[in-house]
Amino acid sequence: VEKIRVALDERSYDIFIGEGNLKEIGGKLSEFGFSDKIALISNPTVYELYGETVSKALRDSGYDLAEVLIPDGEEYKSLDSAEEIYTSLLKAKLDRKSALIALGGGVIGDITGFAASTYMRGIDFIQIPTTLLAQVDSSVGGKTGVNHPLGKNMIGSFWQPRLVWIDTLTLNTLPRREFLSGLGEVIKYGVIWDRELFSYLDANRNKILELDAKALMHIIRRSCEIKAEIVSKDERESGLRAILNYGHTIGHAVETLTGYKKYLHGEAVAIGMCLEAELSSQLGFTGSNEPAMLKNLIDSFGLPSEMPSGIQTGELLLSMQIDKKTVGGKMHFVLPEKIGRVKVYSGTEPEDIRRLLE
Ligand SMILES: NC(=O)c1ccc[n+]([C@@H]2O[C@H](COP(=O)([O-])OP(=O)(O)OC[C@H]3O[C@@H](n4cnc5c(N)ncnc54)[C@H](O)[C@@H]3O)[C@@H](O)[C@H]2O)c1
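The structure displayed is predicted, hence computed values, not measured ones. (Residues numbered from 1 in each chain as written. Predicted model: local features only at pLDDT ≥ 70, side-chain atom pairs only at ≥ 80, totals over all residues. Heavy atoms only, no water.)

A. Main features of the overall build of the protein chain. The number of helices and strands found in the protein chain is 14 helices and eleven strands. Its C-alpha atoms give the protein chain a radius of gyration of 20 Å, within 12% of the compact-globule value 21 Å for 358 residues. Expressed as a percentage of the 358 residues in the protein chain, the buried residues total 55%. In the protein chain, the share of contacts with a sequence separation of at least 24, taken over all contacts with a separation of at least 6, comes to 74%. Counting every atom, the protein chain has about 15,200 Å² of accessible surface; 49% of that belongs to carbon and sulfur. Distance between charge centroids for the protein chain: 3 Å, based on 41 positive and 50 negative side chains. (Helix = DSSP H or I, 4+ residues; strand = E, 2+ residues; numbered from the N terminus. Rg over C-alpha atoms; globule rule 2.2 N^0.38 Å. Buried < 20%, exposed > 50% of the residue type's maximum accessible area, 1.4 Å probe, protein only. Contact = heavy atoms within 4.5 Å. Areas by Shrake-Rupley, 256 points an atom, 1.4 Å probe, with all protein chains shown as cover. Lys, Arg positive; Asp, Glu negative; His and termini not counted. Charge placed at Lys NZ, Arg CZ, Asp CG, Glu CD.)

B. Region of interest: the pattern of salt bridges. If you walk through the whole model with that rule in mind, you get 27 salt bridges. Across the pair Arg222 and Asp194 runs a salt bridge, and its minimum N-O distance is 2.8 Å. Remark: Asp194 occurs in the loop between α6 (176–193) and α7 (195–203) and Arg222 occurs in helix α9 (residues 213–233); sequence separation between them is 28 residues. With a relative accessible area of 10%, Asp194 lands in the buried category. One salt bridge in this structure joins Glu225 and Arg222, with 2.6 Å as the shortest N-O distance. Within this pair, Glu225 and its partner Arg222 are both found in helix α9, separated by three residues, close to a single helical turn. (Salt bridge = Lys/Arg side-chain N within 4 Å of Asp/Glu carboxyl O.)

C. The side chain of Asn147, seen in detail. Tracing the chain through its elements places Asn147 in strand β7 (residues 143–148). Within the local environment of Asn147, its side chain forms a polar contact with the side chain of Glu74, the two groups lying 2.7 Å apart. Residues contacting Asn147, with those up to four places away along its chain left out, are Glu74, Lys77, Ser78, Leu79, Lys152 and Asn153. (Polar contact = N/O pair within 3.5 Å; in protein donor to acceptor, adjacent residues only side chain to side chain.)

D. Looking closely at helix α2 (residues 44–60). With 17 residues, α2 ought to run about 24 Å at 1.5 Å a step, and its terminal C-alpha atoms sit 22 Å apart, in line with that. If you look at α2, its biggest bend is around 65°, right at Tyr50. As for α2, its buried residues are in contact with α1 (25–29), β3 (37–42), β4 (64–69), β5 (99–104) and β6 (124–129). Among the residues of α2, the N-terminal cap falls to Asn43, whose side-chain oxygen and the backbone nitrogen of Thr45 are separated by 3.0 Å. The first or second residue beyond α2 is Gly62, which carries a positive phi of 95°. (Expected span 1.5 Å × (residues − 1). Bend = angle between axes of the 7 residues up to and from the residue.)

E. Structural view of the sheet that holds strand β2 (residues 13–18). Pairing within the open sheet is mixed, and its seven strands lie in the order β1-β2-β9-β6-β5-β3-β4. Either end of the sheet is taken by a strand with one partner, and the two such strands are β1 (2–6) and β4. Going from strand to strand, the sheet's axes swing by 20° on average, the running direction of each strand aside. In the sheet, β3 pairs with β5 via three bridges, with the strands oriented parallel. Bridge pairing links Ala39 to Leu100 in β5. On top of the sheet, helix α4 (residues 106–118) reaches β3, β5 and β6; it is set at about 170° to β5, its chief contact. (Pairing = 2+ DSSP bridges. Axes fitted to C-alpha atoms, helices over the stretch in contact; angles between N-to-C directions.)

F. Molecular detail of the packing of α6 against α9. Taken N-terminus to C-terminus, the directions of α6 and α9 make an angle of 55°; their axes are 10 Å apart at the nearest point. Judged on the interaxial angle alone, α9 and α6 are oblique. For the pair α6 and α9, the crossing hand works out as left-handed. Contacts from Phe179, Leu183, Val186, Tyr189, Ile192 and Trp193 of α6 reach α9 at Leu216, Ile219, Arg222, Ser223, Ile226, Lys227, Glu229, Ile230 and Lys233. (Parallel < 35°, antiparallel > 145°, perpendicular 65-115°, else oblique. Left-handed = near helix turned anticlockwise from the far one by under 90°.)

G. Spatial organisation of the site of the ligand. Lining the immediate surroundings of the ligand are 26 residues, of which Glu74, Gly106, Thr130, Thr131 and Thr173 lie closest. Separating a nitrogen atom of the ligand from a side-chain N or O atom of Thr130 is a distance of 2.7 Å. In this structure, a nitrogen atom belonging to the ligand sits 2.9 Å away from a main-chain N or O atom of Thr170. Coverage of the ligand by the protein amounts to 88% of the 860 Å² it exposes when considered alone. Only α2, α4, α5 (132–138) and β8 (151–158) provide two or more residues apiece to the shell around the ligand. With four residues, α2 is the largest single contributor of residues to the shell around the ligand. Across the shell around the ligand, the residue classes break down as seven nonpolar, ten polar and nine charged. (Near = heavy atom within 4 Å. Nonpolar A, V, L, I, M, F, W, Y, C, P; charged D, E, K, R; others polar.)

H. Representation of unusual backbone geometry. Positioned with a positive phi, Asn153 is a non-glycine residue whose angle comes to about 55°. With respect to the helices and strands, Asn153 occurs in strand β8. Of note in the backbone geometry, Tyr260 takes a positive phi value of approximately 60° without being a glycine. Along the polypeptide, Tyr260 turns up in the loop between α10 (248–257) and α11 (265–282). Exposure remark for Tyr260: the relative accessible area of 37% places this residue in the partly exposed category.

Below is the structure:
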């Protein structure tokens, strides 16, 4: 088992990454001094696969466990679902020393964190992420939230978990496309922070695609270390943390304009990363070699790298301008200077985007 510390003063916590360690969560939890009443939040898909193992581990350690299942799907990351969670917690009499356990992907993690941050003005929560995206990204860093009919992730809070417990074996049941989508975020860490990780992905492609235990452990550990380091330096995204949005300015717009149906999140980010690398080259911040290296890696993992046809420049610009990351009408882009280093640039003009798409 590998341990990574997210250093945030009194809100610091550990990420544990193991293989087959789901059943040990009960003993780990006993170290925290939570009250006996705790709740497991999951969805039917994940619960069917891992619910029994986790529930048994928790009950065997003496916890009185309430279970709340939210239907599977992004559309259930809503205030309505949060209210259902509150109702279950109140009925089960969870108190201020209780903890919520999120078992699932980013949807379950985000909504559980949000419910934990608001139930009785805030109780503790634990992340047990079961998708690659959740293991390398969403379970770490304390962004929680739900969607609003007018915008994704528009309602939320910063609320750090007390523990992140990763079992890489859960990836064995993850649909292939979801796994590859998670790899999009791993590639992102390579580009923004760590050229070695980028090279590792290239050199170990087959092992990663075969879910080789050592290779998975390496890329998940490195991703968590990088995210932990960035979040420790800038918890609330007043500066450095923004580099985690590389590929997301265009990626989000692509998701919005295709109605969140055509692409998974990491797929849209892969397209965004390729275009934003091209933009960087077009603006003279990097040569043409870096965008080509990135496109090759993304293509080799079977992720999309090109803007889908039919998206108009005007609607793309509009969509980027109403994004939560736009401040004062200025589009912020995270642009690679070389693999492993990026800068945040606010001077992009609509004309640059027009040229890029052409
Ligand atoms: N908080 C953050 O910092 C942050 C960062 C990135 C993304 N997110 C959010 O994360 C969400 C996306 O997360 P996601 O990609 O994990 O999607 P998800 O939670 O919808 O999971 C994807 C699918 O995989 C299934 N699944 C999960 N684990 C499985 C397993 N081990 N075996 C088989 N099936 C499994 C789920 O039931 C679901 O159908 C979005 O809502 C996004 O906004 C949050």
